[in-house]
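Single-letter residue listing:
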Amino acid sequence: MIKVDVKNLVKNYGSNHVLKNVDFQVQKNEVVVIIGPSGSGKSTLLRTLNKLEEPTSGSVVIDGKDIADPKTDINKVRENIGMVFQHFNLFNNLSVGDNIMLAPVELKKENKAEAVKQAQELLKIVNLSQKFDAKVQSLSGGQKQRIAIARALAMNPDIMLFDEPTSALDPEMVGDVLQVMKRLAKDGMTMVVVTHEMGFAREVADRVVFVDEGKILESGTPEDIFEHPKNPRLQSFLEKVL
Amino acid sequence: MKKLKVFFNAMVIALFALLIGAGFSTQTAHAEKTYQIGTDVTFPPFEFANNQNKYVGIDIDLMKAIAKDQGFKVNIKPIGFNAAVQATQSGQIDGVIAGMNITPERAQTFDFSKPYYKSGVVMAVKQGGSVKDLNQLRGKKVAVKTGTSGAAYANSIKNKYGFKVVTFDDSSNMYQDVLTGNSAACFEDEPVMKYSIKQGTKLAIVTKPADSGSYGFAVDKGKNKVLLAKFNKGLANLQKNGEYKKIVDHYLESKGTNAGSSDHTFWGILKQNKGFLWNGFLQTLWLSIVSIFFATLFGVIVGLLGVLPYKFFQGLSSTIIYIFRGLPLLVLALFIYTGIPTLTGTKIPAFIAGVVTLMFNEGAYIAAFVRGGINSVDSGQMEAARSLGLPFSKSMFKVILPQGIKLIIPSFINQFIITLKDTSILSIIGILELTQTGKIIIARNLEGFKVWTIVALIYLIVITLLTWLSKWGERRTRL
């Protein structure tokens, strides 16, 4: 079953062509890792999947709904797509628990008591059970990112987007975050991950996509990509990062 | 958006309530069938507030005496010269007596009574000084008060006598300049000068009245002929029976009862005017509170328009901020108070005009920092909220605004203090707040330095209190 179906996607910023006719699909339960040099357009591709970036042209169909179409209620679609950002973007004015409960309570999915219970369960999953009442400012980077994952999961999405989730972390924090992501993948979450963690890609990805200069240049299993790269640009990219 | 609408409606309703309230209060004054006569607020000795802050003066005493002689009732309203003239033209009051010169130009729109006072410009110098006549002014400076016949006269003869004219905004500063010796002399209407000397100003009149004009009582052209006839008849009676001379001498001749025989120390001035100052202070406070309320409402709404994701509203917000931040407060106040009624034909009470002025001006500053504060919240916060499926308005109210407001609280406190100070500029449209109160007291006792010191101290005390209150509020929001 196709969860994400992108066709002929073009994104321009003025005369700057960031995405050039990209076709991209994600199956249910699939974990897709997008790799590529900085500025290649991989984050922009990810951000068009929940319309944080508006496509210039082309279609982005999520669960059968074209979100490029202005008539689609984008808020409804977004409830089903969790997103994790490079810089966490936790709500600075709210406690950890309120960060997680904001969307479920505001969007009337749950009453307060249910939301508290669910938030505590999510905190257990990310190994931060004791932080429910903590202030966001008191957390380390790794803790912030795990709270951000818990927050993204609070609406029970069936797709999760990760935009370089470990890039802003100190090296010793990276492992904790990747561990949570691995567990999600194991539980069958549909995931699209933009990352520079090649180890994670190799171990967890069902499919790896290489993006450069606004195009998908190669796509395949981790083995295809890392052991038998065909595209010369992918070969030179891998030489630099591995 | 819904909340914005509610805010806006509340603001409109409140403004209307104020307007209607003010409308009623002027109507009740019309209920009694008496002649309504307008006069100026500070033109001693013709009209001014005395020690008890009751309006007295030649004009007022004369009008009352004539009314008594002719058997009619008057209600004298000190509303300021310009306001009195306009109100007479629009029929809101029946006439104006305010040391008004009879000129051919004015006679086009007003019917004047027989002249009741012949005035003229005199030159005054420091008592015991060496300057005694116009010829001694060559190469020296001469002080005048802006817009007076004394100023016009001085300018007309300055080339002939070779002196330089220095212009002041009020009489006490003009006298002070002569007393300190910066200026060799000043030119002033004879009765005004005589009254000042009687009040203890150490100047002496050294010339005969020149360039004289006559004061008349005025009614709207073609109307109130009966009142005018009564005035003329009464005036003639008073002049015959000596009462007229009694009234004039009372204010101008040193043997008459001295209206200002009083304690001119700081403490004396404060004690004598405490009620008057207190009312001015209350008016300043009330004006500040109402203005801050509306300016905040207006500013927050305009600021929020500026962060909506629509180009139209952003443009609207920028334009409003640009216009009202670009206009000097004084110009805006005069435009709203005198310009709008000219355009629309509906009068605006001075208080409302003042509030509207501050609402626009201070509101524009508030809008600018509200917009700036909200925009300075990291854009990732909005993205994270939207990515969860929260609509724009919920993201704004739950995530962005709480963070933005914290950033702008210090700016709010600053703006409240500025608003309080800016209420003083509204004295220009005749609102009887603290600054205007000061002006009126000075017009009577000519103690500029002392009165302004008292007024300045009162402002400082209020601002200190406001700052404490704000700091306290700020600490509470921090928790």
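Rules and cut-offs
Residues numbered from 1 in each chain as written. Chains lettered and ligands numbered in written order. Predicted model: local features only at pLDDT ≥ 70, side-chain atom pairs only at ≥ 80, totals over all residues. Heavy atoms only, no water. Helix = DSSP H or I, 4+ residues; strand = E, 2+ residues; numbered from the N terminus. Buried < 20%, exposed > 50% of the residue type's maximum accessible area, 1.4 Å probe, protein only. Contact = heavy atoms within 4.5 Å. Salt bridge = Lys/Arg side-chain N within 4 Å of Asp/Glu carboxyl O. Pairing = 2+ DSSP bridges. Axes fitted to C-alpha atoms, helices over the stretch in contact; angles between N-to-C directions. Parallel < 35°, antiparallel > 145°, perpendicular 65-115°, else oblique. Nonpolar A, V, L, I, M, F, W, Y, C, P; charged D, E, K, R; others polar. Buried area = accessible area lost by both parts, 1.4 Å probe. Polar contact = N/O pair within 3.5 Å; in protein donor to acceptor, adjacent residues only side chain to side chain. Phe/Tyr/Trp six-rings, centres within 6.5 Å; stacked < 30°, edge-to-face > 60°. Lys NZ or Arg CZ within 6 Å of the ring centre and 35° of its normal. Left-handed = near helix turned anticlockwise from the far one by under 90°.

## Concerning the overall build of chain A
Then comes step 1: A tally of regular secondary structure across chain A gives nine helices and ten strands.
Then comes step 2: Within the span of chain A, comprising 242 residues, buried residues form 56% of the whole.
Then comes step 3: Taking the intrachain contacts of chain A between residues at least 6 apart in sequence as the baseline, contacts between residues at least 24 apart amount to 65%.

## With respect to the pattern of salt bridges
Residue and element names in this part refer to chain B.
Then comes step 1: Enumeration according to the criterion identifies 20 salt bridges over all chains in this entry.
Then comes step 2: Between Asp-249 and Lys-245 there is a salt bridge, and its shortest N-O distance comes to 2.6 Å. Separated by four residues within a single helix, Asp-249 and Lys-245 lie in helix α9 (residues 243–252), roughly one turn from each other.
Then comes step 3: Residue classification places Asp-249 among the partly exposed positions, given a relative accessible area of 22%.

## Structural notes on the sheet that holds strand β7 (residues 159–163) of chain A
All names here are of chain A.
Then comes step 1: Overall, mixed pairing links the six strands, which are arranged β6-β7-β8-β3-β9-β10 in an open sheet. This sheet does not close on itself; its edge strands, each paired only once, are β6 (81–84) and β10 (215–220). Taking the axes of each pair of neighbouring strands and ignoring which way they run, one obtains an average angle of 15° across the sheet.
Then comes step 2: Bridge analysis of β7 against strand β8 (residues 190–194) gives five bridges, and the strand direction is parallel. Bridged to Met-160 within β8 is Met-191.
Then comes step 3: Taken strand by strand, helix α5 (residues 141–153) contacts β6 and β7, and its axis lies near 170° from that of β6.
Then comes step 4: Those strands touched by helix α9 (residues 232–241) are β3 (31–35), β9 (207–212) and β10, and its axis lies near 100° from that of β9.

## Observations regarding the packing of helix α11 (residues 274–305) of chain B against helix α17 (residues 434–445) of chain B
Helices that pack against each other are described as a pair by the angle of their axes relative to one another and the distance between those axes.
Residues and elements named next belong to chain B.
Then comes step 1: Two numbers describe how α11 lies on α17: the axes approach to 7 Å, and their chain directions differ by 155°. Between α11 and α17, the angle falls in the class roughly antiparallel. Touching Phe-276, Leu-277, Gly-280, Phe-281 and Thr-284 of α11 are Leu-434, Thr-437, Ile-440 and Ile-441, all from α17.
Then comes step 2: When grouped by side-chain class, the residues that make up the contact of α11 with α17 number six nonpolar, three polar and no charged.

## Looking at the environment of Ser-171 of chain B
Residues and elements named next belong to chain B.
Then comes step 1: Inspection of the secondary structure puts Ser-171 in helix α6 (residues 171–179).
Then comes step 2: Take Ser-171: its relative accessible area is 11%, and that puts it in the buried class.
Then comes step 3: Setting aside residues no more than four positions away along its own chain, Ser-171 makes contact with Lys-145 and Glu-188.

## Some details on the sheet that holds strand β4 (residues 57–62) of chain A
Residues and elements named next belong to chain A.
Then comes step 1: Within the open sheet, the four strands sit side by side as β2-β1-β4-β5. Their pairing is antiparallel. Looking at strand neighbours, the two that pair on one side only are β2 (16–27) and β5 (65–66), the edges of this open sheet.
Then comes step 2: In the sheet, strand β1 (residues 2–13) pairs with β2 via eight bridges, with the strands oriented antiparallel. Across the sheet, the residue bridging to Asn-12 is His-17, located in β2.

## Details of the pairing of β1 of chain A
Residue and element names in this part refer to chain A.
Then comes step 1: Once β1 ends, the chain turns through two residues before running back antiparallel as β2, passing Gly-14 with a positive phi of about 60°.
Then comes step 2: With five bridges connecting them, β1 and β4 associate as antiparallel partners. Along β4, the bridge assignment pairs Asp-5 with Val-61.

## Points about the interface of chain B and chain A
A common measure of how large an interface is: the accessible area buried when the components associate.
Then comes step 1: Counting residues at the interface gives 17 residues for chain B, matched by 21 residues for chain A.
Then comes step 2: Between chain B and chain A, a total of about 1700 Å² is buried, with carbon and sulfur atoms accounting for 56% of that surface.
Then comes step 3: Looking at the side of chain B facing chain A, the largest losses of area belong to Glu-383, Ser-387 and Leu-388 of chain B, adding up to 35% of the total buried there.
Then comes step 4: The shortest N-O distance in the salt bridge between Glu-106 of chain A and Lys-398 of chain B comes to 3.4 Å.
Then comes step 5: Where chain B touches chain A, the interface holds ten residue pairs in polar contact (both at pLDDT 80 or more).
Then comes step 6: Secondary structure elements with two or more residues in the side of chain B that touches chain A: α15 (379–387) and α16 (392–422) of chain B.
Then comes step 7: A per-element tally of the side of chain B that touches chain A places α15 of chain B first, with seven residues.
Then comes step 8: When grouped by side-chain class, the residues that make up the side of chain B that touches chain A number seven nonpolar, five polar and five charged.

## Re the packing of aromatic side chains
Then comes step 1: The tally for this structure, following the rule as stated, stands at 23 aromatic pairs over all chains.
Then comes step 2: Ring centres of Phe-46 of chain B and Tyr-117 of chain B lie 5.2 Å apart, and the angle between their planes is 80°; this geometry places the pair in the edge-to-face category. You can see Phe-46 of chain B sitting in the loop between β1 (35–39) and β2 (48–49) and its partner Tyr-117 of chain B sitting in strand β7 (residues 117–126), a full 71 residues away along the chain. Taken as a pair, Phe-46 of chain B and Tyr-117 of chain B share a single burial class, namely buried.
Then comes step 3: Through a chain of ring-to-ring contacts, three or more aromatic side chains come together here, namely Phe-43, Phe-46, Tyr-116, Tyr-117, Tyr-215, Phe-217 and Phe-231 of chain B.
Then comes step 4: Looking at Arg-151 of chain A, its charged tip hangs above the ring of Phe-91 of chain A, at a distance of 4.4 Å from the centre.
Then comes step 5: Sitting over the ring of Phe-226 of chain A, Arg-202 of chain A keeps its end group 5.0 Å from the ring centre.

## Looking at the side chain of Asp-212 of chain A
All names here are of chain A.
Then comes step 1: Positionally, Asp-212 belongs in strand β9.
Then comes step 2: According to the relative accessible area criterion, Asp-212 is buried, its value standing at 11%.
Then comes step 3: Polar contacts involving the side chain of Asp-212 include one to the side chain of Arg-233, which spans 2.7 Å.
Then comes step 4: With residues near it in sequence (within four places) discarded, Asp-212 still touches Pro-37, Ser-40, Leu-217 and Arg-233.

## So, the packing of α11 of chain B against α16 of chain B
Residues and elements named next belong to chain B.
Then comes step 1: Running from N to C, α11 and α16 cross one another at 140°; their axes reach a closest spacing of 11 Å. Crossing hand, α11 versus α16: right-handed. Contacts between α11 and α16 involve Ser-288, Ser-291, Ile-292, Thr-296, Val-300 and Leu-304 from the former and Leu-401, Phe-412, Phe-416, Thr-419 and Leu-420 from the latter.
Then comes step 2: Looking at the contact of α11 with α16 residue by residue, the class counts come to seven nonpolar, four polar and no charged.

## Thoughts on unusual backbone geometry
Then comes step 1: Residue Pro-45 of chain B is reached from Pro-44 of chain B by a cis peptide bond, and omega for that bond is 5°.
Then comes step 2: Locating Pro-45 of chain B in the fold gives a position in the loop between β1 and β2.
Then comes step 3: For Asn-8 of chain A, which is not a glycine, the phi torsion comes out positive at approximately 50°.
Then comes step 4: Considering the arrangement of structural elements, one finds Asn-8 of chain A in strand β1.
Then comes step 5: Its identity as a non-glycine residue notwithstanding, Asn-127 of chain A has a phi of 60°, on the positive side.
Then comes step 6: Residue position: Asn-127 of chain A is located in the loop between α4 (112–125) and α5.

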